[in-house]
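Spelled out from the first residue to the last, the chains are:
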Amino acid sequence: MYVVIEGIDTAGKSTQLEILAKKYKEAIFTKEPGGTQIGIKLRQMALEGEAKSKLAEMFLFLADRAEHIYEVILANKDKMVISDRSMISGIAYAKNLSLQTVIDLNLIATNNTLPTHVILLKLSKEELQNRLSKKEHDSIEARGIDYLLEIQNRMEETIKKLNLNYRFIDASLSIEDISKDIEDFLNE
Ligand SMILES: Nc1ncnc2c1ncn2[C@@H]1O[C@H](COP(=O)(O)OP(=O)(O)O)[C@@H](O)[C@H]1O
Ligand SMILES: Cc1cn([C@H]2C[C@H](O)[C@@H](COP(=O)(O)OP(=O)(O)O)O2)c(=O)[nH]c1=O
């Protein structure tokens, strides 16, 4: 079982992952970017905005993803793996290229490995504004509210286009209601 928690920045992914870690003690918890040794370096390069080229930035995330799939996902095929972000973020955030082109690049990076369960936490504009106002931004988050909402739409489109097994959840529900909905989905 390869479960991914998706959503734009501040959607509540870390909050839900903490709860999942208590419920699924046998599961392997991982993340993109930064789920491997090389990934830690690639994450730093990508998030500190060192790349001047958007294409170079995307390839940093793709390199991270290729290593992560190989070292963590494929190496633990028979276990439950729960990941903070995935190729869905990779496709959605690389919005300078067409959706189909980025999907193709990501399928190369992941060796066509797709998540078995996708949870997308969806924020309204008001709630996103409210949460971002309380937080320090990295260089990607600093790109703004409309930018992030566009990414959220691309996430939704990507999930549908790839025909994945998904659950979309309103991220402004209570933490407990969201966690219950996630558990129901994983137990289906
Ligand atoms: N369901 C929720 N309702 C209200 N606030 C939430 C909820 N889930 C998370 N938060 C708060 O929103 C902020 C971002 O949550 P976080 O889990 O760090 O998001 P992400 O990992 O997706 O960036 C944190 O301050 C967190 O406490
Ligand atoms: C996985 C991935 C993330 N990102 C972005 C989304 C986030 O803004 C950032 C890192 O995500 P994240 O680790 O969720 O950040 P934090 O722990 O600080 O909340 O990288 C991409 O642009 N492309 C990608 O392929």
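From a predicted model like this one, the values you see are computed outputs, not experimental measurements.

What counts, and where the lines are drawn
- Residues numbered from 1 in each chain as written.
- Chains lettered and ligands numbered in written order.
- Predicted model: local features only at pLDDT ≥ 70, side-chain atom pairs only at ≥ 80, totals over all residues.
- Heavy atoms only, no water.
- Phe/Tyr/Trp six-rings, centres within 6.5 Å; stacked < 30°, edge-to-face > 60°.
- Buried < 20%, exposed > 50% of the residue type's maximum accessible area, 1.4 Å probe, protein only.
- Near = heavy atom within 4 Å.
- Polar contact = N/O pair within 3.5 Å; in protein donor to acceptor, adjacent residues only side chain to side chain.
- Areas by Shrake-Rupley, 256 points an atom, 1.4 Å probe, with all protein chains shown as cover.
- Helix = DSSP H or I, 4+ residues; strand = E, 2+ residues; numbered from the N terminus.
- Arc of directions from axis to C-beta.
- Contact = heavy atoms within 4.5 Å.
- Axes fitted to C-alpha atoms, helices over the stretch in contact; angles between N-to-C directions.
- Nonpolar A, V, L, I, M, F, W, Y, C, P; charged D, E, K, R; others polar.
- Core = buried A, V, L, I, M, F, W, Y, C linked by side-chain atoms within 4.5 Å.

(A) Region of the structure containing the packing of aromatic side chains. The final tally for this structure, using the stated rule, is one aromatic pair. Ring geometry for tyrosine 166 against phenylalanine 168: centres 4.3 Å apart, planes inclined by 25°, an arrangement best described as stacked. Judged by its relative accessible area of 24%, phenylalanine 168 falls in the partly exposed class.

(B) Representation of the site of ligand 2 in the model. By nearness alone, 13 residues border ligand 2, and Asp9, Arg43, Arg65, Arg85 and Gly90 come closest of all. The side chain of aspartate 9 places a nitrogen or oxygen atom 2.8 Å from an oxygen atom of ligand 2. Here arginine 85 contributes a side-chain N or O atom positioned 2.8 Å from an oxygen atom of ligand 2. With the chains in place, 86% of the 560 Å² that ligand 2 exposes on its own is no longer accessible. Those elements giving two or more residues to the shell around ligand 2 turn out to be helix H2 (37-47), helix H3 (54-73) and helix H4 (87-93).

(C) Examining the site of ligand 1 more closely. Neighbouring ligand 1 are 14 residues, the closest being Thr10, Lys13, Ser14, Thr15 and Leu173. Between ligand 1 and alanine 11 there is a distance of 3.2 Å, counted from an oxygen atom to a backbone nitrogen or oxygen. Between ligand 1 and lysine 13 there is a distance of 2.7 Å, counted from an oxygen atom to a side-chain nitrogen or oxygen. Computed on the free molecule, ligand 1 has an accessible area of 560 Å², of which 66% lies beneath the protein chains in the complex. For the shell around ligand 1, the elements supplying multiple residues, two or more each, are helix H1 (13-23) and helix H8 (175-187). Broken down by element, the residue count for the shell around ligand 1 peaks at three residues, all from H1.

(D) The arrangement of H2 in detail. Burial in H2 covers these residues: Gly39, Leu42, Ala46 and Leu47. In a view along the axis of H2, the buried residues occupy a sector of 115°, so they form one face of it. Opposite the buried face of H2, at more than 90 degrees from it, the exposed residues are Gln37 and Lys41. Of the surrounding elements, those touching the buried residues of H2 are H3. At the N-terminal end of H2, a side-chain oxygen is found 2.9 Å from the backbone nitrogen of glycine 39, two or three residues along, and the residue is threonine 36.

(E) How the structure looks around the packing of H3 against helix H5 (residues 99-109). Contact geometry for H3 and H5: axes closest at 8 Å, N-to-C directions at 35°. Counted together, Met58, Leu62, Arg65 and Ala66 of H3 and Val102, Leu105, Asn106 and Ala109 of H5 form the full contact between these two elements. Residue composition of the contact of H3 with H5, by class: six nonpolar, one polar and one charged.

(F) Molecular detail of the nonpolar core. The biggest cluster of nonpolar side chains holds 50 residues, and the ones touching the most others in it are Ile119 and Leu186. Here the element with the most residues in this core is helix H7 (residues 145-161); it accounts for seven residues. Once residues within four sequence positions are removed from consideration, leucine 186 is found in contact with Met1, Val3, Leu20, Tyr24, Met80, His117 and Ile119. Residues Leu42, Leu47, Leu60 and Phe61 belong to the second largest nonpolar core, which totals five residues.

In short, shape yes, function no, at least from these values alone.
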